[in-house]
Amino acid sequence: MLQLLWVNLDAILNGLKMRRSTIPQAVLTFCQLAIMFCLSSAALSAQTGVIRGNVVDALNNNPIIGATIRVEGTQLGTISDSEGAFLLAGFEPGLYNISASSVGYESRKIFEVEVTNSRPAVVQIALTPKAVELEGVVVGGSRFNNKIEESPLSLRSLGNAEIKRSPGANRDISRVIQTLPGAASTVSFRNDIIIRGGAPNENRFFLDGIEVPTINHFATQGGSGGPVGLLNVDVISNVDYYAGAFPASRGNALSSVFEFRQKQARTDRYTANAVVGASDLGLTLEGPLGENSSVIVSGRRSYLQILADLVGLPFLPTYNDAQLKLTHNFDDKNRLSIIGLGAVDDFELNFDANDTETKRYLLNFLPVQTQWSYTLGANYQHFRDDGFYTFVVSRNEFNNDFVKYNNNDDSDPQNLTLDYNSREIDNKVRLEDFRQFDNFNLTLSANLDQNTYTNETFNRFATQQGVLLRNFSSELNTLRWGFSAQASTRLLEKRLLLSVGLRADAADYSDETSNLLDQLSPRFSAAYFLSESFSVNFNTGVYYQLPANTVLGYRDSEEGTLVNKTNGITWIRSTHLVAGVEQTVFDGNGTLTLEGFYKKYNNYPFALDQQVSLANLGGDFGVVGSEPVTPTSEGRSFGLEFLGQLRATDGFYGILTYTFMRSEFTDASGEYQPSSWDFRHIISLTGGKSFGNGWEIGGRWTFYSGAPYTPFDVAASVQRENWDARGAGLEDFARVNSMTTDAYHQLNIRVDRKFFFDTWSLGLYLDIQNAYAFETVLRDYLDVERDAAGTPIVDPNNAAAYLPRFIENTSGQVLPTIGVIVEL
């Protein structure tokens, strides 16, 4: 592993010299802006808002005539016309819950539809048929309809409004996910998503059914985390989060599956959204492209590098991204969506910022990085009377470059310690067939992936045994294929829900990976409603994931052989067992769940040089897995989750989660040790209130009982050969995760004020992270003593070593930010 540690966001805050007095200044600025617009006579909450949309059959996309649409908390309602269309008018600007019902269909509620004066809100509602009709009589019309048959538990959803307003998240979807049960992240500012004790690389992400390799900027190759989210929330409609009971059509995942759905672009007019956020500028445009087509496109550009330079930080990060969705409806039965997602990230060093000990330390080991990625894909759907076909084709590309010289002196080639260039290209095809037979659903799928991985590596790699030289070129082409089937039904007057699935995957990498029968993945789910609102739920399943390309494509520096192929690397296996109960409250607006889980891992890669399971790595920047490994590590995680969620009722909303988790993986002796994700106790409480005239206030409080970490091997770290190659401490994996940070907690507060005009609207928000300035003490940085010129000082008692020096590492600055959102 190229363990390239970066500083966390608190270094930026220290560079800004953030003081508590900054909070009153930010609040004052926010209030001044709010008062200025409040005094404008044009900013009135007139009752001119409109909601329009369509109601269709989710099975065959036929319009539903005569569906009843009601607005919760009002007397407003209507029915859909002969084309399934409806229109509601006379709204004050704000958020509204919309319900739709029709004879023979399950009712559905759409939460928090945002209404403004400047543009109609557009809502597309798909209703699921209740049952078949026999001689004109609807059979089995059930009230037990609040579950998805394929995944009756461990499934959570977030809507667009919930993501936008989450305190402390700054409109970053990856951070909002951390509010959900079973989800955790590292102490620092990174967006690593740790689900039920699994490593960050065990998650899979789909955007409108198309897999994307990462959802973060400056992503960890072989992992999935990064400091800033890649998806623009203005384009996202909602996200479904599966912590277990994965649909059989979604393979190559061990811990979670995320389904992000983008908005359908408007077909009635052109609109624009402009955002000035905490660290970037964004612009979103959408509108019609002819009679049957529409497009939504967005772009963002960071200005974080400008702030970093102004305050004299030793690094200058820049990120850019773009997002596209184009939809064409050939007719009511055939629809094509084309998506695009791209990012370009640059990380440079600011050598003029070297006036403090911490800055000099960071300059000494941080590399220069360039990273870019893109996804292009098409999703074609053909609807039939009994279901629909889905055909998906896509291409992903991910490019990652690092360069580092000892003492940042590139005048002498001998100073080169790291020169890494890697590219991953995936071409994917997937076909799905969903059919409904009476009270029985069947989903079949098949996929074929072609992957190309290239790597040019020169790395003087420090270990406890001394410096190793990794100097190799690799090109690897693999084919991967899979098949799945999943069937579900409801019995006993719809009280009992049953689902069974089977998946099989293979790859032509080696004999160990190419047999479908070796990767059979059965799964079974059941739910039983003891009452209309209370159910008992269960799932068990076996899941497989192929190790990262960095593992598969690693080659010997001398012979050029695929080392890990020789070592017998194969698919990682995880067996899940989940059980729980669920109670819906407040007329379906609230949910209480309690779930227990157990996960068992086999065949996890174990790093031979570092003597640690790769399951413990991935929480830092850089690359995971480009080293010799064997499939000999085992792991287990288990725990308990509680969720209490209230969806927008009388202006109130909230999510309370508690997670107890244990996560352990075997060490070099085969003994179970705490993993890097063994957080034990996590509490997250998010809540808020929407008031009249566009005001909203919310807060989020989080608590972690401590994070495990591995101490440094100081003697090996300060060996001159090792330090010159690495410039940072070496972890002593013989004591893997034997230390734990103190418990830490944080309060984030957010205040929103929206102003509604006839043709446009304005949003202001004040977001304060870590409002009461709680300071967390993290593992100290390990540096070496230096003279006035910055040259390391040799230990007078050991000519082969430098003198060690520790630098305090704390996290806990207050960060207030103001954002501006303009909608046209």
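Use the structure listed above.
Residues numbered from 1 in each chain as written. Predicted model: local features only at pLDDT ≥ 70, side-chain atom pairs only at ≥ 80, totals over all residues. Heavy atoms only, no water.

### What about the pairing of strand 52 (residues 815-823)?
Point 1. Across four bridges, strand 20 (residues 271-276) lies against strand 52 in antiparallel orientation. Each bridged residue has a counterpart across the sheet, and for Val 276 the counterpart in strand 52 is Val 820.
Point 2. Of the pairings in the sheet, the one linking strand 45 (residues 761-769) to strand 52 comprises nine bridges and is antiparallel in character. For Asp 767, the partnering residue across the bridge sits in strand 52 and is Thr 817. (Pairing = 2+ DSSP bridges. Helix = DSSP H or I, 4+ residues; strand = E, 2+ residues; numbered from the N terminus.)

### Focus: the pattern of salt bridges
Point 1. Per the stated rule, a full pass over the model turns up 44 salt bridges.
Point 2. Here Arg 175 makes a salt bridge to Asp 172, at a shortest N to O gap of 3.9 Å. No difference in accessibility class separates Arg 175 from Asp 172, as the two residues are buried.
Point 3. With a closest N to O distance of 2.9 Å, Arg 503 and Asp 505 form a salt bridge.
Point 4. Residues joined in a network through salt bridges with shared partners are Arg 636, Arg 662, Glu 664, Asp 678 and Arg 680. (Salt bridge = Lys/Arg side-chain N within 4 Å of Asp/Glu carboxyl O. Buried < 20%, exposed > 50% of the residue type's maximum accessible area, 1.4 Å probe, protein only.)

### Considering the nonpolar core
Point 1. Leu 207, Phe 258 and Phe 260 are the most contacted members of the largest nonpolar core, which has 30 residues in total.
Point 2. Those elements that place two or more of their residues in this core are helix 4 (173-177), strand 14 (203-207), strand 15 (210-212), strand 18 (236-242), strand 19 (256-262) and strand 24 (334-349).
Point 3. In this structure, Phe 258 is in contact with Ile 177, Ile 193, Ile 195, Asn 203, Arg 204, Phe 205, Phe 206, Val 239, Asp 240 and Tyr 241, ignoring residues within four places of it in sequence.
Point 4. The next biggest cluster of nonpolar side chains, apart from the first, holds 27 residues, and it includes Ala 199, Tyr 242, Leu 254 and Ala 707. (Core = buried A, V, L, I, M, F, W, Y, C linked by side-chain atoms within 4.5 Å. Contact = heavy atoms within 4.5 Å.)

### Brief notes about the packing of aromatic side chains
Point 1. Scanning all chains against the criterion turns up 24 aromatic pairs.
Point 2. A centroid spacing of 6.2 Å and a plane angle of 50° characterise the contact between Phe 402 and Tyr 420, whose relative ring orientation is tilted. Taken together, the positions of Phe 402 in strand 26 (residues 387-405) and Tyr 420 in strand 27 (residues 416-437) put the pair 18 residues apart, joining distant regions of the chain.
Point 3. Under the relative-accessibility criterion, Tyr 420 is labelled buried at 0%.
Point 4. Relative to Trp 760, the ring of Phe 757 has its centre 4.4 Å away and its plane inclined at 5°; by these criteria the two rings are stacked.
Point 5. Arg 636 extends its terminal NZ or CZ atom over the ring of Tyr 672, reaching a point 3.9 Å from the ring centre.
Point 6. Positioned above the aromatic ring of Phe 691, the side-chain terminus of Lys 689 is 4.9 Å from the ring centre. (Phe/Tyr/Trp six-rings, centres within 6.5 Å; stacked < 30°, edge-to-face > 60°. Lys NZ or Arg CZ within 6 Å of the ring centre and 35° of its normal.)

As far as function goes, none of this settles anything; it's purely spatial.
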